[in-house]
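# Per-entry structural report
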Amino acid sequence: MNARSLTPLALVTAISLGAAGTAGTAAAEDLAIAIHTDPSHAMFKIGERLKDTIESESDGELTVTLLGTEVGGERDHLEGASYGEYAIALGGSMPMTLYAPEFAAADLPFVYDSSDQARKIYEGEIGEALNQSLIAKGNMRLVGLSARNPRNLTSKTPVKTPEDVSEVRMRVPEIAPWVAVWGEIGALPSPIAWPEVYTSLQTGVIDMQENPVDNIYAGKLFEVQDYVSRTEHVYSFFHWLMNEDVYQELSDEHRDIVLSAIDDATTWGDQLVSDGQAELFEKLKEEGMEVVEPDVAAFRQAARPAVEEIAQDYDPAVRDYVLSLIQ
C-alpha cells in the first residue's frame, strides 16, 4: 500500500517518526524511540526495521536511536515522551488508561471477534477525538498501532464453559474492567504482578491465568498448567506515541520518508505477530499442553452485564459501538 493511501490514523502514525529528528544536529536529525519490551520481542524488531528504513531512505539525514529498559519501564518511557525526552514511546494499555480513559475500550474482554473490530476504536471520528485527548492530557499523539496476540486462558483442568471457571482463583492484570468482567462470569479474579504468576500457579495461590500465547510460552507456564483454552477474549494493541511538539516540526521531505517506513514496519510487524502465534501454539503442544476450543459465545453472554455497565463510562460514540457488538 502506498503511504498516501493510508487512513488518517496511519498517516499520523507515519508522520511521527520523521518529526523526532528536529532536535538533532544540522548534519543528522536523531529520533530517540523508547521501547519497553525485550530486544527479542516483536515490537523491538519493528523498531529495528523502522530504524533501518528511515536511515537508508533519508540517506542519513535522519538517524534513529532505539532505547530499551535501560532507561526505565513503560511508564517512564511514556512520561519521557510526554516531556520531550524521547520522540516516540511504545505503550501497552497504559497510555489509554492514563490519557484517554473514555476511549480505552479496545481491550475490553469478550467484546470483539477480531483485531479489525477492536481497531475501529482508533479510526474515523472516534480516532480523531481519541487523539485530541492524548494530546491535551499527555502532549503525545497516537502515531501507530501494532496488533498483539489475543489473550487466552490457561488452567490445570479443561475450560470449555463459564461454569468451568466458577469460584476458581484466576490471575488477571490489575485492570479494573478486566477484574469486573471475570468476576461477572463467576471467577475469583486475583490481580497479581506478572513476575509472580509462575510461582503463584506453582504453589496453588491461583489456579488459572490469562495471557497472550507468547507470554504463556516465554513464561514457561506449560510447566505449571496443563491446558490453554482459546477464549481469545482480548484483542489489544501496542501504541506508538509521539511527542506533539516534535510532531508539529516535521518537514515535508521527512514526512514522505517516514510515511512509507511506518506503513512497511507496522504491516510487516502485524504479520510477524500473526505467524508467530501459530508456531507458539505448536510449541506449547510439544511441551505437553492441550489446546481447548471453548464455547466463547457462552462466555460473552455471561460477561455481558459487566460490559454494559462499564461501557456507560466511555465516550458516547465508543459506548454505542461496544454495545452494538454485544447485542
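What you are looking at is a predicted structure, and each value in this text was computed from that prediction instead of being measured.

What counts and what doesn't
- Residues numbered from 1 in each chain as written.
- Predicted model: local features only at pLDDT ≥ 70, side-chain atom pairs only at ≥ 80, totals over all residues.
- Heavy atoms only, no water.
- Helix = DSSP H or I, 4+ residues; strand = E, 2+ residues; numbered from the N terminus.
- Polar contact = N/O pair within 3.5 Å; in protein donor to acceptor, adjacent residues only side chain to side chain.
- Core = buried A, V, L, I, M, F, W, Y, C linked by side-chain atoms within 4.5 Å.
- Buried < 20%, exposed > 50% of the residue type's maximum accessible area, 1.4 Å probe, protein only.
- pLDDT = per-residue confidence, 0-100.
- Contact = heavy atoms within 4.5 Å.
- Salt bridge = Lys/Arg side-chain N within 4 Å of Asp/Glu carboxyl O.
- Phe/Tyr/Trp six-rings, centres within 6.5 Å; stacked < 30°, edge-to-face > 60°.
- Pairing = 2+ DSSP bridges.
- Axes fitted to C-alpha atoms, helices over the stretch in contact; angles between N-to-C directions.

### Looking at the side chain of asparagine 243
Following the sequence through the fold, asparagine 243 ends up in strand β10 (residues 237-243). Within the structure, the side chain of asparagine 243 is placed 3.0 Å from the backbone nitrogen of valine 246, a separation counted as a polar contact.

### Concerning the nonpolar core
Side chains of a nonpolar character, in soluble globular proteins, are inclined to be buried together. Judged by nonpolar contacts, the single largest core of 50 residues is most densely connected at Tyr112, Ile121, Tyr122, Val165 and Val322. Formed by 26 residues, the second largest nonpolar core is a distinct cluster that contains Leu31, Val64, Val143 and Ala261.

### Topic: the confidence of the model for the protein
Mean pLDDT for the protein: 89, with 91% of residues reaching 70 or above. Low pLDDT, under 50, characterises residues 1-27; the stretch is placed with 70 contacts to residues that sit more than four places away or in other chains.

### What about the pattern of salt bridges?
Two side chains with opposite charge may pair up if their charged atoms get near one another. Enumeration according to the criterion identifies 13 salt bridges in this entry. Ionic pairing is found between glutamate 282 and lysine 285, a salt bridge with its closest N-O pair at 3.5 Å. Note that glutamate 282 and lysine 285 are positioned in helix α11 (residues 252-286) at a spacing of 3 residues, about one turn of the helix. On the accessibility criterion, lysine 285 (42% relative accessible area) is partly exposed.

### Describing the packing of aromatic side chains
When we look at a pair of aromatic rings, we describe it by the centre distance and by the angle of the planes. Tallied over the full model, the rule gives 6 aromatic pairs. Measuring from ring centre to ring centre gives 5.5 Å for phenylalanine 110 and phenylalanine 299, while their planes differ by 10°; the resulting arrangement is stacked. Here phenylalanine 299 lies in helix α12 (residues 296-311) and phenylalanine 110 lies in the loop between α4 (94-99) and α5 (115-119), a separation of 189 residues in the sequence. Considered together, phenylalanine 110 and phenylalanine 299 belong to a single accessibility category, that of buried residues. With 5.6 Å between their ring centres and 80° between their planes, tyrosine 122 and phenylalanine 237 make a pair best called edge-to-face. One end of the pair, tyrosine 122, is in the loop between α5 and α6 (124-138); the other, phenylalanine 237, is in strand β10, and 115 residues separate them in sequence.

### So, the sheet that holds strand β7 (residues 188-191)
Here 6 strands make up an open sheet; going across it, the order is β7-β6-β8-β5-β9-β11 and the pairing mixed. Only two strands of the sheet have a single partner each, and these edge strands are β7 and β11 (290-292). Recorded for the sheet is a direction-independent mean angle of 35° between the axes of neighbouring strands. In this sheet, strand β8 (residues 208-212) lies alongside strand β5 (residues 151-155) in antiparallel orientation, the contact comprising 4 bridges. Across the sheet, residue asparagine 152 finds its bridge partner in β8, namely asparagine 211.

### So, the environment of leucine 130
Relative to the assigned elements, leucine 130 resides in helix α6. Spatially, the C-alpha atom of leucine 130 lies 8.6 Å from that of leucine 142, the residues being 12 residues apart in sequence. If we skip the residues at most four places from it in the chain, leucine 130 touches Met96, Ala100, Phe103, Ile121, Tyr122 and Leu142.

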